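# A look at the structure
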Amino acid sequence: MAVLTPLWTGEAITDNDAIASFLSPRNIAFATWEIPAEARELAALPRLDDSQKSRLLALFADRLGETEYPSADVVAIRSDLPGLGDALAKFDRLHYHDDDEVRAIVGGEGVFGFMDGDDRQFLLHIVAGEYISVPAMTWHWFYCTESKNITALRLFEDMSGWVPHYRSDATS
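The structure displayed is predicted, hence computed values, not measured ones. (Residues numbered from 1 in each chain as written. Predicted model: local features only at pLDDT ≥ 70, side-chain atom pairs only at ≥ 80, totals over all residues. Heavy atoms only, no water.)

### So, the environment of A18
Locating A18 in the fold gives a position in helix α1 (residues 16-23). For A18, a relative accessible area of 32% puts it in the partly exposed group. Taking the C-alpha atoms as reference, A18 lies 9.2 Å from L4; in sequence the two are 14 residues apart. (Helix = DSSP H or I, 4+ residues; strand = E, 2+ residues; numbered from the N terminus. Buried < 20%, exposed > 50% of the residue type's maximum accessible area, 1.4 Å probe, protein only.)

Below, the structure written as structure tokens:
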């Protein structure tokens, strides 16, 4: 279950409709997706090979076809992946992308953090069955929970739009 926490109030919001209503004026889309049993089983594996990732995408072909994004792939983060710390360090700092960042969480969990226009921050803890679309140019960060276990479908127009632009780079 998603949990949205505006840090200026510290009050957790757990109702999906209330979360969507909070995010909507910020142009962040949030929805729930049904996760088929086979997808849950694949997402629970300690590693996913290319054929298993392809199968995950096939299981969501109809849903993916309903989006505006022409391409998708699968990312599977596990606590024992070599170089995980360096990979995650690219995204746990405040940044934005030139393209939307769209994720459908198939297994595990993670946290997106956001900065409002007035520099107020809020966190969105997301789990399997939840979909988020962060618009281009939106200041945000992402980190894994302690389990460091998340499997997500990444939807995109062009992977080059995912290059992070860090706030420290933008202000220096």
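### Considering the side chain of H125
With respect to the secondary-structure elements, H125 resides in strand β6 (residues 121-127). When near neighbours in sequence (up to four residues on either side) are disregarded, H125 contacts M1, A2, V3, E109, G110, V111, E130 and T145. (Contact = heavy atoms within 4.5 Å.)

### Looking at α1
Of all the residues in α1, the buried ones are I19, F22 and L23. Buried residues along α1 cover an arc of 90 degrees about the axis, so they all sit on one side. Counted as exposed and oriented over 90 degrees from the buried face of α1: D17 and S21. Here the buried face of α1 lies against β1 (3-6), β2 (29-32) and β6. The N-cap of α1, judged by a side-chain oxygen 3.2 Å from the amide nitrogen of D17 a few residues on, is D15. (Arc of directions from axis to C-beta. Polar contact = N/O pair within 3.5 Å; in protein donor to acceptor, adjacent residues only side chain to side chain.)

### What about unusual backbone geometry?
Here D119, not a glycine, exhibits a phi torsion of approximately 70 degrees, which is positive. Mapped onto the elements of the fold, D119 is located in the loop between β5 (101-115) and β6.

### Examining the pattern of salt bridges
Applying the stated criterion across every chain yields a total of 9 salt bridges. Of the charged contacts in the structure, one is a salt bridge between R120 and D118, with a shortest N-O distance of 3.1 Å. Among the charged side chains, a network of salt bridges with common partners joins R26, D116, D118 and R120. (Salt bridge = Lys/Arg side-chain N within 4 Å of Asp/Glu carboxyl O.)

### Brief notes about the side chain of H140
Position of H140 relative to the elements: it lies in strand β8 (residues 140-144). Looking at H140, its side chain comes within polar contact range of the main-chain oxygen of T138, at 2.8 Å. With sequence-adjacent residues up to four places away left out, H140 is seen in contact with R93, L94, H95, Y96, H97, E101, F112, G113, F114 and V134.

### Points about the packing of aromatic side chains
Tallied over the entire structure, the rule returns 9 aromatic pairs. The interplanar angle of 90 degrees and the centroid separation of 6.5 Å between the aromatic rings of W8 and F122 together place this pair among those described as edge-to-face. Note that W8 is positioned in the loop between β1 and α1 and F122 in strand β6, a separation of 114 residues in sequence. Given the relative accessible area of 33%, W8 is considered partly exposed. Residue class for F122 comes out buried when judged on its relative accessible area of 1%. An aromatic cluster of three or more residues is present, and its members are W8, F22, F112, F114, F122 and F142. Over the aromatic face of Y166 sits the side chain of R93, whose NZ or CZ is 3.7 Å from the ring centroid. Here the guanidinium or amino end of R120 rests over the ring plane of W8, the centre of that ring lying 3.9 Å away. (Phe/Tyr/Trp six-rings, centres within 6.5 Å; stacked < 30°, edge-to-face > 60°. Lys NZ or Arg CZ within 6 Å of the ring centre and 35° of its normal.)

### Structural notes on the environment of L23
Summarising the element assignment, L23 is placed in helix α1. The spacing of L23 and I132 is 109 residues in sequence and 9.9 Å in space, taken between C-alpha atoms. Not counting residues within four places of it along the chain, the set of residues in contact with L23 comprises L4, I28, F30, F122 and L124.

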